Structure formats: structure tokens, C-alpha cells
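# Architecture and fold: a report
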Amino acid sequence: MSVTSLIAQLTERRRVVTGELRSTARPAIRHAVGALNPAQRAAVLAVLHNRTVEPDDRAALASARAMLLPQAHSASQQKLESLMLLALRPCIGHLQLRPPASVLRPAQPIRAIQLPTGAEPPVLHLDEYEWAPC
Amino acid sequence: MGPLLMGLLPHAETGQVNGVPGLRYRQHRRHGELFLTQTNPPARLFLAGVTTAVWKAALAFVTASYGEAPLSWLWDGPDRARLTEPERQHLASFRRVYGPVHVGSALFRRHRLLREAQRVEARDSDIDWVLEWGAGPSMDAVAEALTDPLFGLGFPMAVENLGPHTAWLVERRGGETGAGAPRGVRLHLHREPGHDQASEQEFRQTQAATWPAWQTWQFARRPAPSATASQARALRAAARRRASYTGEEPASALAGVTPDGRIGLDDCTPAQRMLRFLLALYVFNTQTIGAPPSWRSVSTALRYTMTVSPRFDHLVIFADTPRNLVRYFVRSPYRLGVPGLRVVQTEEHEHYELVHPPTGATCTISRRREAGLAAGVTRPAADDSGLGLTQAEKTDLASIPPASDDMQSLLAGLFVRVACASPDKRWGLGNWWYDPLDRPDLPEPVNGDSRRLWGAGDDWQLLWEQYPYPADVVASLTDAFAGMAGLTADDDDPFYSIALGSACLRLAPWSARRPRRGRQSAA
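Just so you know, the residues in each chain are numbered from 1, in the order the chain's sequence is written. In the order they appear in the text, chains get letters beginning with A and ligands get numbers beginning with 1. At least 70 in pLDDT is required for a residue's local features to be given in this predicted model, at least 80 for side-chain atom pairs to be given and counted, and no such filter applies to totals for whole chains, interfaces and linings, which use all residues. To obtain the side-chain values, all non-hydrogen atoms of the structure were included, while hydrogens and water were left out.

### As for the overall build of chain A
Secondary structure elements follow DSSP: runs of H or I no shorter than four residues count as helices, runs of E no shorter than two count as strands, and numbering proceeds from the N terminus. Per the secondary structure count, chain A includes five helices and two strands. Start at the N end of chain A and walk to the C end: the helices and strands fall as α-α-α-α-α-β-β. Within the span of chain A, comprising 134 residues, buried residues form 52% of the whole. By definition in these notes, contact holds between two residues if any of their heavy atoms fall within 4.5 Å. Taking as baseline every contact in chain A between residues at least 6 positions apart, the subset at least 24 positions apart corresponds to 45%. For chain A, the exposed area adds up to about 5,800 Å²; of that, 55% sits on carbon and sulfur atoms. Here's how the labels work: a residue is buried when its accessible area is under 20% of the maximum for its type, exposed when over 50%, partly exposed in between, all with a 1.4 Å probe on protein chains only. Reported accessibility uses the Shrake-Rupley method at a 1.4 Å probe radius. Residues are deemed covered only where the shown protein chains occlude them.

Set out below in C-alpha cells:
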């Protein structure tokens, strides 16, 4: 399928925060862009072109934002994801001690968070380290 | 996976619940699923690529991290759909999350913004979240990304008190961002300067304490159920090739090759590296020219037929007469042996399991060559009764000259190759006392069996009489398959110089009649 400039730009910006692969972020962005109404699309373009978003368009921008990178669909889902965020803390010490132990190496267990469209749950891509020591 | 589970999987401990009450795990064919029980709509996350083998390895890591005592898991009971009684009691007194969950969730979905940070951690309170990271992106960049109109947190946030190390993002309720808007959730961003090389060095000295958990994980990841058929075939081929060099049975070699198909003679834990270095020191010092360990006669062990089968976290030595090897290696009232090495288990058919409490390394000496002996060696704690060091052993260990990590690796590599020979008959080491290739066209070396290995730091020297030919020693270390990665050898008269990283070992055979070769290097 063709990739428009809008989809390509939005895909790259989403990948910065989620770490997704292009092949997984692009379908989600394509789906979201396809569902934007004209007001939402105009607001998104205004941001991409560094134009001021009029106060009247802020609601459209907020709804577009929720489509481009969806929020958790329920309070319990938000709770679970908050717990995952909190779990990063006890994880750090163990990751730093992964052979060869290092405090200079980034110590994060999750490589990417894939956010499918619809009600599907997020998919976490974990760093499974090489078996042999680095 | 294992470290992530440390703060998640619920288990009961002395009346308390550790982890997240109500969190459950479900295994699918190609992925795992974490979910909160008794939630509607269901709260769940998929874990891509987490197969049964990955999950078991992660659990092995968690169990090893908590120590020897079996954990009382709450997540895998017979009725996973319901909260257990300890969880119910815990939730009656404590909340799972205190911070506003819509902010926590939004932050979690964006925490890869901090992928370059040395560490990331989040804390919560009733109205605040704290997001803290070390090094990595600047405060400006993170604040800007979290308030980005398209991919920011998703609700109006104003940046306050922005500085290089700290900033507040404050939610403006009602969609207003002006100063007079009602204030909501606060997010405190805190950036710490990164660690430097000095703290890195200091930190590395503490690694030994948690090695077991990572070793356990690595062993658990080892089984091949998750490997594809082609990967398994490639591993078996690598094992057969390794066996052709080391003399192992292919099943044993399979336990030693690396998952990417390398020979795996030098891939080992620091504990193993230290043990092998120690063994090298004791077997390469003998007779009249030997340095102090020589009078302990451990080197006589090399006179016995043996096959060294090094694994990542274990050393196996197959021998026709294991009892004799153990007699030389292990200290007794009659022999001095390697200080600290202990037999902890003896089985039929002369199968001995040994530990070396000073390093935590384990070793097997066995006659059962057909056995893979992949893992499962009991690892007693260093302070187990009967395993403590005697004063004489402490003195002996303290007298060992310092060797850099690179030098230890290099000498460990020499030890594990003592019985290796190339399948194409280019070189052979013959336990350092005979020529396994029986090459009558090569000159006879000087008659004698003295050896001396000594040095300090990065600069060591190995002198020896008789076999092997020095060119064979160099060839064994620079062989395209069996050599040490990153090693270079220089034919620098009158010595061969072998370099690995910063370490330099000079080979000084007493025989000057060595076949000359040019510069060689391992692949």
C-alpha cells in the first residue's frame, strides 16, 4: 500500500515514543488517519506544519491525538499499565547486573510497546538478551 | 523477562504479599499474557515471543534471585480466576497503585522516550507521579515530548519550574492551559547525571552476588524447545565440529557450543574464568623451573588421558581414571592440590562433582563420556560446613600473582585447550607432554617436562620444555574455529607474543627449534 507523507511523518513521531517497528506502527497510523474527520485532519496538519491550533480546534486535536496514540480503554487497564510502570524500578538493579554488570548500559526490559487499534491489548516486546555474555 | 517479573508476580512471604495481588499469567502458543484477575473489562497485556521456554527461564531467574527457599506463589493456584486469601487481605489494607492511573498508563505507553537513559524508574503518590531517569535525554527534550500536541500524554499539561535536572508537568483541568486553570495531577520529572567509568568499576565489583540468578536464567534459556529445527541442526553441526577438536562426545559438545554456533571454549562466567585460570597456574608450573605452585605436583594430572569440556557455567573433565585426577586436583592430607577445590558429591562409575567456594565455580570429573551433563550440578553455598578454606589454602590463594581479566581469559583458554587437536592434523597439544599427531619430520623438543607460568597484571610469561610445539600452541589459540576471538599472535623472536585485549603472554619454549610462522589472528 502507498504511504503518504502524512502517514510517514506520523509513523516516525509515534515510533519515537513507543519504540514500535515501522511495520507495526504504520498500519495503526494508517487506520487512525483514515478515521480522522476533516476538522481533526486540519488540526493534525496544523501541528505538523507548525501553525497555531485555534482554540476552537483544540477539541478536534485532542480527539485526533487519542486516535493516533490511543489511551488505555478502561480504568483497570490503566491500573495494570501503571503497575507495569512501577515494576521498572525493581527491575533496574537486576538488569544492571546482567553479565557483564554495568551501570552505564541502559537498563530497561521493554524494547517496544505495540498499540494495536481497537480493543486489543498492548503488546510488549521485551529485550530477550543473547544467551552468551556480551 | 525475569527482572521485570521481580516486582510483578505475587507471592506470599511472612504474611505479606509481594508483587501485584491479582496478577495472573496465561501462556499462549507464541506469546504470554499478563492480566489482572476479576476485572471487567479485562485488563491484560500480551508479551510477544514469550514462549513456554522463555517463561520458565524467567521464573528460574526470579526463584534464584529470591534464594534457596521455595517461593509461595499466589498466581498459579488451582483457581487462578479468583483472588487468594492473602491477596484479598492485602487489598483490604493497601491499594495496588496510589498515583492517578490515567497518568501512569499514559507514561508507560511512552516510556520508550527514555530508551537511551541508563535507568528509568517511576514512583507514585496520591496526586503525584515521579519519573526519574539517569543520563539519556535532556529535561527539555522529555518535557517537550510529553507535552507534544500529537503524541504527548494526551491531556493538557503545563510545564513549570523547568530546569536542567527537574521540572513539573501540571495537569490543567477543563482543557485550559492558562495560569488560572484548575490544577490536577502533577508529574515530577527528575533527571540525574549519568554514572561515570569510576562508578562502573566500583559497581562491577559487586556483581558476584547476583551472578547465580543470571546464570540460572542462562541455563534455563539453554534448552532448545524454542529453537527452530534449522537452528537445532546448526547447533548439532557446531557441536560435532567442536567435538572434532576437543575429543568430546557430540552430546557433551552440544552443551558447550554457543547458541550462535561458536565453539564456546572461552564463553564463561567470571567464576569459571577464575577457576580455569587457577587450574592453568597449577598445571603449567612443574618441576625444576616451575614457579611456587609447582611443588604441589598438580601438573601430574595432565599425564592422565583427559578431555576438557568447558561449558558456560561449568567445567567438565572426562577422564579414563577420574579418581586419579581428583587425587591430584583436590587437596588432602597427602596431597596439596588446588586450594579451595572440594568434592561435594561422588557417584557410581567414578563420577565426581566439585565446587570451588572461593570463586563459586563448579566442576565435574567423570568417566561417563556419553553423558551430556548439561546442567543440574548442585551449587553449595560458599560457607557450607566443610567447604571453608584452611589457613594454608588462604595463604596459597593470597600468594597467587594478580592477573588482569584479559590475562585470566587467555590463560583459561590455554587450560581448556590442553587436550585439543585440529581435525585436519595441523596442530595438536597432547596434554602438553606428547605429540598426538606423531610427526616424526618435526624435530624432537628438549627432553624434560619443566614448565613455568608466572607474571603479573597484563604481562605474563610461559616457559616449557618438551611438547607441545610452540607453533601448535599459537595455532590452537588462533584457529578460525577453535581459536579465541580477538586474540593476536606475533612471531617476535625470541618469543611468541600472544595478545588478548590489554594482556600479553610471552611464550618461551626452551626448544629453539620451532617452525616459524608469520603473524596470525583469530577470526
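### What about the pattern of salt bridges?
Salt bridge, as used here: a side-chain nitrogen of Lys or Arg that lies within 4 Å of a carboxyl oxygen of Asp or Glu. Evaluated as defined, the whole model comprises 26 salt bridges over all chains. Between glutamate 12 of chain A and arginine 22 of chain A there is a salt bridge, and its shortest N-O distance comes to 2.6 Å. Taken as a pair, glutamate 12 of chain A in helix α1 (residues 5–18) and arginine 22 of chain A in helix α2 (residues 22–34) lie far apart in primary sequence, 10 residues in all. Between glutamate 192 of chain B and arginine 119 of chain B there is a salt bridge, with its nearest N and O atoms 2.6 Å apart. On the criterion of sequence distance, the pair formed by glutamate 192 of chain B in strand β11 (residues 183–192) and arginine 119 of chain B in strand β7 (residues 119–124) is long-range, its members being 73 residues apart. With relative accessibility at 12%, the residue arginine 119 of chain B sits in the buried group. One continuous salt-bridge network, built from bridges that share partners, spans Arg89 of chain A together with Arg119, Glu121, Arg123, Glu132 and Glu192 of chain B.

### A few points about unusual backbone geometry
All names here are of chain B. The step from asparagine 40 to proline 41 runs through a cis peptide bond, and the omega angle for that step is 0 degrees. Looking at the element boundaries, proline 41 is found in the loop between β4 (31–36) and β5 (43–48). Going from tyrosine 467 to proline 468, the amide bond is cis rather than trans, its omega being 0 degrees. As for its placement among the helices and strands, proline 468 is situated in the loop between β18 (459–464) and α14 (470–478). Positive phi, close to 55 degrees, is recorded for asparagine 431, a residue that is not glycine. The topology assignment puts asparagine 431 in the loop between α13 (405–416) and β17 (451–456). Notably, glutamine 466 is not glycine yet its phi reads approximately 60 degrees, a positive angle. Turning to its location among the elements, glutamine 466 is positioned in the loop between β18 and α14. Take glutamine 466: its relative accessible area is 19%, and that puts it in the buried class.

### Things to note about the pairing of β17 of chain B
Residue and element names in this part refer to chain B. Residues Arg451, Leu453 and Gly455 point to one face of β17 and are all buried, whereas Arg452, Trp454 and Ala456, pointing to the other face, are not buried. Paired strands are those between which DSSP finds at least two bridges. Sheet topology note: the β17/β18 ladder contains six bridges and is antiparallel. What sits directly across from arginine 452, in β18, is leucine 463. The hairpin formed by β17 and β18 contains two residues between the paired strands, and glycine 457 there has a positive phi angle of roughly 60 degrees.

### Thoughts on the confidence of the model for chain B
All names here are of chain B. pLDDT gives the predictor's per-residue confidence on a scale running from 0 to 100. Scored by pLDDT, chain B comes out at a mean of 81, with 85% of its residues at no less than 70. Contacts from residues 374–386, a stretch scored under 50 in pLDDT, to residues over four places away or in other chains number 23 contacts. Confidence drops under pLDDT 50 across residues 512–523; counting only partners more than four residues distant or on other chains, this segment forms 41 contacts. In the predicted complex, the global pTM is 0.57; the interface-specific ipTM is 0.91.

### Comments concerning the packing of helix α10 (residues 270–283) of chain B against α13 of chain B
The geometry of a pair of packed helices is captured by two quantities: the angle between their axes and the separation between those axes. Residue and element names in this part refer to chain B. Axis lines are fitted through C-alpha atoms, for helices just across the contact stretch, and the angle between N-to-C directions can take any value from 0 to 180 degrees. Across the interface, α10 lies against α13 with an axial gap of 8 Å and an inter-helix angle of 65 degrees. Considering how the two elements wind past one another, α10 and α13 form a crossing that is left-handed. Together, Arg273, Met274, Arg276, Phe277, Leu279, Ala280 and Val283 of α10 and Asp405, Gln408, Ser409, Leu411, Ala412, Phe415 and Val416 of α13 make up the contact between the two elements. Classification used: nonpolar for Ala, Val, Leu, Ile, Met, Phe, Trp, Tyr, Cys and Pro, charged for Asp, Glu, Lys and Arg, polar for all others including Gly. Residue composition of the contact of α10 with α13, by class: nine nonpolar, two polar and three charged. Crossing handedness follows the turn of the near helix against the far one: under a right angle anticlockwise gives a left-handed crossing, and clockwise gives a right-handed one.

### Section: the interface of chain A and chain B
Contact residues are listed per partner, giving 72 residues for chain A and 76 residues for chain B. Note on terms: buried area is the combined drop in 1.4 Å-probe accessible area of two parts once they are placed together, counting the loss on both. Between chain A and chain B lies a buried interface of about 7,300 Å² when both sides are counted; carbon and sulfur atoms form 68% of it. Linking chain A to chain B there are three salt bridges. Between arginine 13 of chain A and aspartate 148 of chain B there is a salt bridge, and its shortest N-O distance comes to 2.7 Å. Here a polar contact means two N or O atoms within 3.5 Å. Within protein one must be a hydrogen donor candidate and the other an acceptor candidate, and residues neighboring in sequence count only if both atoms are side-chain atoms. On the surface where chain A and chain B come into contact, there are 20 residue pairs in polar contact (both at pLDDT 80 or more). Listing elements by their share of the side of chain A that touches chain B, those giving two or more residues are α1, α3 (38–48), α4 (58–68), α5 (75–96), β1 (110–114) and β2 (123–126) of chain A.

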